[in-house]
Amino acid sequence: MPFRFVHTADIHLDSPLRSLALRNHDLAELVGDASRQALVAIVDLCLEEAVDALVIAGDLYDGDQTSMKTARFLAGQLERLHQVGIRTFLIKGNHDALSKIARELVMPETVKIFGGHAETIEITNGSLPVAIHGLSFAKPQAPESLLPKYRPPVQGAVNIGIMHTSLAGSPGHDAYAPCNVHDLHASGFDYWALGHIHLRTHHAGTSTVVMPGMPQGRDINEAGAKTASLVTVSDDRTITVEERLTSVAQFQRVNVDLAGVSEWRDAAEAIEAGLLIERERTASPHLVARLRLIGQTPLNWQIRRDLDLLQTEVELRGDRIGKTWIEKIELTTEAPQSGAHARVADPVVELGVLMRDDVIARSGFRAEVSEMVRDLLTDLPAESRDFAGRDEAGLERFVDSLLTEGVEDITARMSAAERGDN
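The following refers to the structure shown. Computed from a prediction, not measured in an experiment: that's the story for all the values here.

Thoughts on unusual backbone geometry
- You will see that Asp14, though not glycine, has its phi angle at about 55°, which is positive.
- The topology assignment puts Asp14 in the loop between β1 (3-8) and α1 (25-49).
- Of the residues examined, Asp14 reaches a relative accessible area of 21% and is grouped as partly exposed.

As for the nonpolar core
- If you look at the biggest cluster of nonpolar residues, it comprises 24 residues, and the most contacted ones within it are Val6, Leu54, Leu60 and Leu74.
- Residue assignment for this core shows that the elements contributing at least two residues are α1, β2 (53-57), α2 (68-83) and β11 (227-233).
- Counting residues in hydrophobic clusters, the runner-up holds 21 residues, among them Leu128, Val130, Ile160 and Tyr191.

Concerning the packing of α1 against α2
- Running from N to C, α1 and α2 point in directions that differ by 10°, and their axes come no closer than 9 Å. Of the possible angle classes, the one that applies to α1 and α2 is roughly parallel. On α2, the residues that touch Arg36, Leu39, Val40, Val43, Asp44, Cys46 and Leu47 of α1 are Lys69, Thr70, Phe73, Leu74, Gln77, Arg80 and Leu81.

Thoughts on the pairing of β2
- The element β2 is largely enclosed, with a buried count of five among its five residues.
- Across the two faces of β2 the burial is the same, with Ala53, Val55 and Ala57 and Leu54 and Ile56 all buried.
- The sheet contact formed by β1 and β2 spans four bridges and is parallel. Within β2, the residue paired with His7 across the bridge is Val55.
- Two elements, β2 and strand β3 (residues 87-91), share five bridges in a ladder whose sense is parallel. Looking at β3, one finds that Val55 is bridged to Phe89.

Concerning α1
- Compared with the 36 Å implied by 1.5 Å per residue over 25 residues, the 35 Å span of α1 between its first and last C-alpha is a close match.
- Along α1, the largest kink reaches about 45° and is centred on Ala34.
- The distance from a side-chain oxygen at the start of α1 to the backbone nitrogen of Asp26 is 2.9 Å, and the residue carrying that oxygen is Asn24.

Details of the sheet that holds strand β15 (residues 324-331)
- Across the sheet, which stays open at both edges, the three strands sit in the order β13-β14-β15 with parallel pairing between neighbours. This sheet does not close on itself; its edge strands, each paired only once, are β13 (249-257) and β15. Across the sheet, the mean angle from the axis of one strand to that of its neighbour is 20°, orientation sign disregarded.
- Pairing analysis gives seven bridges linking strand β14 (residues 286-294) to β15, with the strands arranged parallel. Within β15, the position partnered with Val288 by the bridge is Trp325.
- Contacts from α1 reach β13, β14 and β15 within the one sheet, and its direction differs from that of β15 by about 110°.
- Contacts from helix α5 (residues 264-280) reach β13, β14 and β15, with the element oriented near 140° to β14.

What about the environment of Asn24?
- Summarising the element assignment, Asn24 is placed in the loop between β1 and α1.
- It is 9.2 Å that separates the C-alpha atoms of Asn24 and Trp325, two residues lying 301 residues apart in sequence.
- Setting aside residues up to four positions removed in sequence, Asn24 forms contacts with Glu315 and Trp325.
- At 2.9 Å, the side chain of Asn24 forms a polar contact with the backbone nitrogen of Asp26.

Focus: the packing of α5 against helix α7 (residues 307-321)
- Between α5 and α7, whose axes approach to 10 Å, the crossing angle comes to 45°. With respect to their mutual orientation, α5 and α7 come out oblique. Crossing of α5 over α7 shows right-handed handedness. Across the interface between the two elements, Trp264, Ala268, Glu269, Ile271, Glu272, Leu275, Leu276 and Arg279 of α5 pack against Leu309, Leu310, Glu313, Val314, Arg317, Arg320 and Ile321 of α7.
- The class makeup of the residues in the contact of α5 with α7 is nine nonpolar, no polar and six charged.

Parameters and conventions
- Residues numbered from 1 in each chain as written.
- Predicted model: local features only at pLDDT ≥ 70, side-chain atom pairs only at ≥ 80, totals over all residues.
- Heavy atoms only, no water.
- Helix = DSSP H or I, 4+ residues; strand = E, 2+ residues; numbered from the N terminus.
- Buried < 20%, exposed > 50% of the residue type's maximum accessible area, 1.4 Å probe, protein only.
- Core = buried A, V, L, I, M, F, W, Y, C linked by side-chain atoms within 4.5 Å.
- Axes fitted to C-alpha atoms, helices over the stretch in contact; angles between N-to-C directions.
- Parallel < 35°, antiparallel > 145°, perpendicular 65-115°, else oblique.
- Contact = heavy atoms within 4.5 Å.
- Pairing = 2+ DSSP bridges.
- Expected span 1.5 Å × (residues − 1).
- Bend = angle between axes of the 7 residues up to and from the residue.
- Polar contact = N/O pair within 3.5 Å; in protein donor to acceptor, adjacent residues only side chain to side chain.
- Left-handed = near helix turned anticlockwise from the far one by under 90°.
- Nonpolar A, V, L, I, M, F, W, Y, C, P; charged D, E, K, R; others polar.

Structural measurements only, silent on function.
Here is the structure:
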């Protein structure tokens, strides 16, 4: 009789909204509730597939939360599994170690929360013995590998290890309980249920080592469809892993080329066409799009001047498509050049080029802008800082975009004034 379980991690229940661009109340409500709906989808999957267990590899919570509404919601979902005899195995990650709820909440008796010392739970599943190993973060930091602390594999059993780890490191993630994938394969365990890194990875080798990624993205930096793993351990001990969709809202970047488009209606229709294409290939129920408009268009100035009107127009078209939301519109459009010598012939264009070159070249001015951004970031809550990049290189790219777009806006205004546009 096979042993089947769902493996997930990094649910981050009731995570605060991380994007400053979520100004739309309905969109903010959708994204704010999405982590809960992802957990509901995970529990639904367990029930539909009649699995034996749910495995959560850390960061069920999002930090130092005090709301017992989160606790009641979680208890209610795990109670659904308890009622049909599906067990839950849970370890605490770095975010869970901060959570007061994790200490206060009383779980159903079918829920096993591993503590700060390694434990092994042995299960008999028909003729297939299974040993589940777990170890939680006792503190928010774990600078050293936890692997040596795990108990050795149980002889004759299918050994499943649950670990929260940054592995060898990943962009955008701090180092937590780092370890080597090679060592996981050499551990003698059959399956490693990992958590912490939000991007899904499957490391082939002697063991089945899976980082399931998070089941619901929270902003554009966590774009794409999100899933959980449905794992089947057959009687002959072969292991099969299937991805199952869990995300309710799917963040995606959508590029729309407006090159040569000269009418407002045509621009709106081009954007709608781009959204329709993306909507058709979006696996999740809702598409949350970040639009990036590109190309040389006579509408360059009007778009920049009336961006609020364009936002409203595009949101209406998203409503018409259905379950399509606009998180933000980014502009990299340019005014068209009339010919090969347009830069020389048009003094405004030439001035724009000089300003752009000068602004980027002046390291002193650029340093001032960079320092202003850094000061702003220190005044914002931690969950609202990612818009300026997640590392030093990301911050530098953000500053470059500020300077470039600023020059582009000034040039567009000057061109419009020269033409006498309203």
